[in-house]
Amino acid sequence: MAAAPIPLQGGRSNRVWRVGDLVIKLYLKQDDNPLFDNDPAREAAALTALSGTGMVPPLQGAGCFEGHDWLIYGHITGAPWQQDSGHVAQLLGRLHDQPEFGGLPLGVNGSAELEAQGNAILSHCTLTTDLVAELQRRCPIGQVPPLKQLALIHGDPVPGNLLAHDGTLTLIDWQCPQMGDPSEDLALFLSPAMQFLYRGAVLSQAEEEAFLSAYPDPRIVGRYLSLKPWFHWRMAAYCLWRCRRGNPQDRQACDLELAAMDQSISPKTA
């Protein structure tokens, strides 16, 4: 008898089931998400290109059914990431050293592009006019130039997309890989909003420090620290955009990003 499909939780963009030792993903129509793409072709390409590295689940097939793209990959018995931030940093460091593969767009790069993306997100926040104006006023000042040497990045390495199993980690949900600034992946993992929404709690200072210490390229860590205010500001804008769906957690996530932004601009002294 064939195994019955079991719906899997955690995904925000698509429908996913487990059927025996396989995972079936059905891609839903995109809602013009301004930060995270939902590209099935890129996911299939990533699983193919990174096959054998241990960083991705094994691809079994992909296609289209009644106008919806689908993808099948091997099920990994594990749990969403909860602890050992240094392990995540090491995994991302390995990923950022992988060779480029075809079909990847360029990611947002440098403070000017982060500011432009944040303002584009705010332009779609039509139901929260006062908050939009507040965020526009709080846009960070200064300039961090684009990075010249780009790398393969996951584009969405949040806790829900990191599976812990057998003493290792595997990245799933490869809908938006890019050739971009590796500090983008660092910022998305360290984001207070993403940690709160997916794990239920922001990282402690010790966890953040352990992550940054374990990442293998200190130049990228320094770049992330320089861009922190823009990363937090952009994520606050994104959370505000998500508030249109009426989820109060997204408003709280926005506040967490703004508080972190203020801290990164004016850090407390002992």
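In what follows, the structure referred to is the one given above.
Residues numbered from 1 in each chain as written. Predicted model: local features only at pLDDT ≥ 70, side-chain atom pairs only at ≥ 80, totals over all residues. Heavy atoms only, no water.

Asks: In this structure, what is going on with the sheet that holds strand 4 (residues 59–65)? I would like to understand it.
Replies: Sheet strands line up and pair through hydrogen bonds in the backbone, either parallel or antiparallel. Ordered in space as 1-2-3-5-4, the five strands form an open sheet in which the pairing is antiparallel. At either end of the open sheet lies a strand with only one pairing partner, and these are strand 1 (6–7) and strand 4. With five bridges connecting them, strand 3 (residues 22–27) and strand 5 (residues 68–74) associate as antiparallel partners. When the sheet's bridge partners are listed, I24 is paired in strand 5 with I72. Across the sheet, helix 1 (residues 40–49) lies against strand 3, strand 4 and strand 5, angled at about 20 degrees from strand 5, the strand it touches most. (Pairing = 2+ DSSP bridges. Helix = DSSP H or I, 4+ residues; strand = E, 2+ residues; numbered from the N terminus. Contact = heavy atoms within 4.5 Å. Axes fitted to C-alpha atoms, helices over the stretch in contact; angles between N-to-C directions.)

Asks: What is the right way to read the sheet that holds strand 6 (residues 79–80) from this model?
Replies: Strand order in this open sheet of three strands is 6-8-9, and the pairing throughout is antiparallel. Across the chains shown, the open sheet's two edge strands, defined by having one partner strand only, are strand 6 and strand 9 (168–171). Two strands pair when backbone bridges link them, and strand 8 (residues 162–165) and strand 9 are joined in this way by four bridges, in the antiparallel orientation. Following the sheet pairing, A164 is matched in strand 9 by L169. Strands strand 8 and strand 9 of the sheet are contacted by helix 2 (residues 85–95), whose axis makes an angle of about 50 degrees with strand 9.

Asks: What is the right way to look at the layout of surface pockets in this model?
Replies: To find the voids left in a structure, one rolls a probe of water-molecule size over its atoms. By volume, the second largest pocket amounts to about 450 Å³. Lining the second largest pocket are 17 residues, and of these Q205, E208, K228, A260 and Q263 lie nearest its centre. Of all the elements in the fold, those that place two or more residues in the lining of the second largest pocket are helix 7 (205–214), helix 8 (218–242) and helix 9 (248–265). Of the residues assigned to the lining of the second largest pocket, the class counts are nine nonpolar, five polar and three charged. (1 Å grid on protein atoms, 1.4 Å probe; cavity = no way out; pocket = protein on both sides within 12 Å on 5 of 7 lines; lining within 4 Å. Points joined across faces, edges and corners; volume = space filled by probe spheres on them. Nonpolar A, V, L, I, M, F, W, Y, C, P; charged D, E, K, R; others polar.)

Asks: Quick question: what am I supposed to make of the packing of helix 5 (residues 183–190) against helix 8 here?
Replies: The relative placement of two packed helices comes down to the angle between their axes together with the axis-to-axis distance. One way to put it is that helix 5 packs onto helix 8 with a least axis distance of 9 Å and a crossing angle of 55 degrees. By the angle between their directions, the pair helix 5 and helix 8 is classed as oblique. Crossing geometry of helix 5 relative to helix 8 is assigned as right-handed. Here helix 5 contributes S183, E184, L186, A187, L188 and L190 to the contact with helix 8, which in turn contributes I220, V221, R223, Y224, L227, F231, R234 and M235. Residue composition of the contact of helix 5 with helix 8, by class: ten nonpolar, one polar and three charged. (Parallel < 35°, antiparallel > 145°, perpendicular 65-115°, else oblique. Left-handed = near helix turned anticlockwise from the far one by under 90°.)

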